[in-house]
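Below are the chains, spelled out letter by letter.
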Amino acid sequence: MQKPAEFQIDETFHVPDVGLVVSGILTSGVIHEGDKLQVGPSDNGRFDSTQVLSLHRHKVPSRVVRACESATLAISSQNIPLRKGMVLISQQVRPPICYYFQAKIQVLFHETSICSGFQASVYIGNIRQTATILGIMGKSSLSVNETASVIFKFIQRPECVHPGSKILLRVGQTKAVGRVTQVFLFGDNLPLKVSPIHQ
């Protein structure tokens, strides 16, 4: 069974006589010229409807893009403010949009120890955003070579995050890696351990 389409947007352009163009990689499914998709999330977690007007792969016109292929897509625009980190996704899918998520991480380098309240740039696929550590499971802090499950909150806006995605944290010389283990869907009730934190 074919997986729903999901295209990670890495760059956006406004091309004369073409309009809104996005480039990136299709992480799952298939996209055909003419497909109707949804694009987002916006700063308020919203997705908007759009249509693929044309496709290019390796600067050559195409009619289909398959999973793991990079491409450039011209899409219809109703004044949709696009940015790197957004996704184009099948209309029948409820995207996993979140402010809060949990990840198991290992600290590769840090001069002291990482505690709740620590902020770092988070890299998950095409997402680049600062996040705050709200809590560390079973520990008060994390030092070099230590591993723990950590609750994060994005600072600026909700993002589309899938459990199992690789994650990289960087700020200054600090570096940590791991995988997302759980997302707390935008609009759902938050788990008790983070419920006192307001968005």
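Here, residues in each chain are numbered from 1, in the same order as that chain's written sequence. Side-chain atom pairs in this predicted model are given and counted only at pLDDT of 80 or more, local residue features only at pLDDT of at least 70, and totals for whole chains, interfaces and linings cover all residues. As a rule here, side-chain values cover all heavy atoms of the structure and leave hydrogens and water aside.

Asker: Just to check I follow, could you spell out the overall build of the protein chain for this structure?
Answerer: When helices and strands are counted, the protein chain shows zero helices and 16 strands. Only the C-alpha atoms count toward the radius of gyration. The rule for a globule is 2.2 Å times the residue count to the power 0.38. What you see for the protein chain is a C-alpha radius of gyration of 18 Å, in line with the 16 Å of a compact globule of 199 residues. Overall, the protein chain is about 55 × 35 × 35 Å in size when its C-alpha atoms are taken along their principal axes. When a residue's accessible area, from a 1.4 Å probe over protein chains only, is under 20% of the maximum for its type it is buried; when over 50% it is exposed; and in between it is partly exposed. Taken over 199 residues, the protein chain has a buried fraction of 47%. Per-residue accessibility takes into account occlusion by the displayed protein chains alone, with areas from the Shrake-Rupley method and a 1.4 Å probe. Summing over all exposed atoms, the protein chain offers an accessible surface of approximately 10,400 Å²; the carbon and sulfur share of this is 49%. Under the convention used here, Asp and Glu are negative, Lys and Arg are positive, and both His and the chain ends fall outside the count. To locate a charge, take NZ of a lysine, CZ of an arginine, CG of an aspartate or CD of a glutamate. Each charge sign in the protein chain was given a centre, from 20 positive and 13 negative side chains, and these centres are 6 Å apart. Note on conventions: DSSP H or I runs of at least 4 residues are helices, E runs of at least 2 residues are strands, and numbering of each starts at the N terminus.

Asker: How should the environment of Val144 be read in this particular structure?
Answerer: Its location among the elements puts Val144 in the loop between strand 12 (127-136) and strand 13 (147-154). Sequence separation of Val144 and His162 is 18 residues, and the distance between their C-alpha atoms is 26 Å. Contacts are assigned to residue pairs that have any heavy atoms within 4.5 Å of one another. Contact partners of Val144, with chain neighbours within four places excluded, come to Val107, Leu108, Phe109 and His110.

Asker: Explain the environment of Ser141 to me, please; I cannot follow it from the model alone.
Answerer: Tracing the sequence through the fold places Ser141 in the loop between strand 12 and strand 13. Each residue touching Ser141, except ones within four places of it in the same chain, is listed here: Ser113, Ile114, Cys115, Ile136 and Glu146.

Asker: Hey, could you run me through the packing of aromatic side chains in this one?
Answerer: Two aromatic rings, taken as a pair, are described by how far apart their centres are and by the angle between their planes. For Phe, Tyr and Trp, where Trp contributes only its six-membered ring, two rings pair if their centres lie within 6.5 Å, and the inter-plane angle classes them as stacked under 30 degrees, edge-to-face over 60, or tilted in between. Inspection of the entire model under this criterion finds three aromatic pairs. Ring geometry for Tyr99 and Phe186: centres 5.7 Å apart, planes at 50°, overall tilted. With Tyr99 in strand 10 (residues 97-109) and Phe186 in the segment after strand 16 (174-185), the pair connects residues that are 87 residues apart, well separated along the chain. For Tyr99, a relative accessible area of 13% gives the class buried. Phe186 sits in the partly exposed class, given a relative accessible area of 28%. A centroid spacing of 5.0 Å and a plane angle of 15° characterise the contact between Phe101 and Phe152, whose relative ring orientation is stacked.

Asker: I'm lost on the pattern of salt bridges in this one. Help?
Answerer: Between side chains of opposite charge, a pair can form when the charged atoms approach closely. Salt bridges are defined as contacts in which a side-chain nitrogen from Lys or Arg sits within 4 Å of a carboxyl oxygen from Asp or Glu. Overall, the coordinates contain five salt bridges when judged by the stated rule. Taking the shortest distance from any N to any O, the salt bridge between Arg157 and Asp43 comes out at 3.0 Å. Remark: Asp43 occurs in the loop between strand 4 (36-40) and strand 5 (48-57) and Arg157 occurs in the loop between strand 13 and strand 14 (159-160); sequence separation between them is 114 residues. As a salt-bridge pair, Glu159 and Arg83 come within 3.3 Å of each other at their nearest N and O atoms. Residue Glu159 is found in strand 14, and its partner Arg83 is found in the loop between strand 8 (70-75) and strand 9 (87-90); the two are separated by 76 residues along the sequence. There is no split in this pair, since Glu159 and Arg83 are both buried.

Note that all results are geometric; they support no functional claim without further evidence.
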